[in-house]
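# Fold and contact review
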Amino acid sequence: MHICITSILKISMVQNQDGYIKLNDIKNEKMDTEDHETLYKLFTDIGHKIDNSNSKNLMSVYFRKISTMSKNTSMPLRIRSMYQDLINQRNNSWEYNDSLRLSKQ
């Protein structure tokens, strides 16, 4: 799956001077389904690379927001499941759980 650069820009992803990924605005009310899928794919692809001791505080902020979105019942179950899968991957040292598929339902 290819991440569209416009989707990345829609969720305000930038790289700062320290080389860390900064997601300025992970707010589910501004994100459409494609944005959620892009965020999921981004963390699935590079989460293991950016989740380190240098980015611990920043990743904690992101994952608090991701945790909140995973429990938001106004979001589609598929999106909530993707976020729960991200949480599980992170808790499992970024091991991918093949039970979740990104295919459209």
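Below, the structure is looked at part by part. Everything numeric in this text was worked out from a predicted model, so none of it was measured. (Residues numbered from 1 in each chain as written. Predicted model: local features only at pLDDT ≥ 70, side-chain atom pairs only at ≥ 80, totals over all residues. Heavy atoms only, no water.)

Counting secondary structure elements, the protein contains 4 helices and 2 strands. Reading the secondary structure of the protein in the N-to-C direction produces α-β-β-α-α-α. Within the protein, buried positions represent 39% of all 105 residues. For the protein, the share of sequence-separated contacts (at least 6 apart) that also reach a separation of at least 24 residues comes to 55%. When the accessible surface of the protein is summed, it comes to about 6,500 Å², and 48% of that surface belongs to carbon and sulfur atoms. (Helix = DSSP H or I, 4+ residues; strand = E, 2+ residues; numbered from the N terminus. Buried < 20%, exposed > 50% of the residue type's maximum accessible area, 1.4 Å probe, protein only. Contact = heavy atoms within 4.5 Å. Areas by Shrake-Rupley, 256 points an atom, 1.4 Å probe, with all protein chains shown as cover.)

With that out of the way, let us pick up the nonpolar core. Grouped together as the largest cluster of nonpolar side chains are 17 residues, with contacts concentrated most on Phe43, Met59, Phe63, Ile66, Tyr83 and Leu86. At the level of elements, α2 (33–50), α3 (56–70) and α4 (77–91) are the ones that each hand at least two residues to this core. (Core = buried A, V, L, I, M, F, W, Y, C linked by side-chain atoms within 4.5 Å.)

In the contact formed by α2 and α3, the axes pass within 13 Å of each other and the chain directions differ by 145°. With respect to the hand of their crossing, α2 and α3 are arranged in left-handed fashion. Touching His36, Leu39, Phe43 and Ile50 of α2 are Met59, Tyr62, Phe63, Ile66 and Met69, all from α3. When the residues that make up the contact of α2 with α3 are grouped by side-chain class, the tally is 8 nonpolar, 1 polar and no charged. (Axes fitted to C-alpha atoms, helices over the stretch in contact; angles between N-to-C directions. Left-handed = near helix turned anticlockwise from the far one by under 90°. Nonpolar A, V, L, I, M, F, W, Y, C, P; charged D, E, K, R; others polar.)

The next point concerns the packing of aromatic side chains. Under the definition given, this model contains 4 aromatic pairs. Every member of this aromatic cluster is reached through a ring pair, and the members are Phe43, Tyr62, Phe63 and Trp94. Sitting over the ring of phenylalanine 63, arginine 90 keeps its end group 4.7 Å from the ring centre. (Phe/Tyr/Trp six-rings, centres within 6.5 Å; stacked < 30°, edge-to-face > 60°. Lys NZ or Arg CZ within 6 Å of the ring centre and 35° of its normal.)

Not every positive phi belongs to a glycine, and serine 93 is a case in point at roughly 60°. By the element assignment, serine 93 lies in the segment after α4. With a phi close to 65°, tryptophan 94 is a non-glycine residue in the positive phi region. Among the secondary structure elements, tryptophan 94 is positioned in the segment after α4. Using a relative accessible area of 13% as the deciding quantity, one classes tryptophan 94 as buried.

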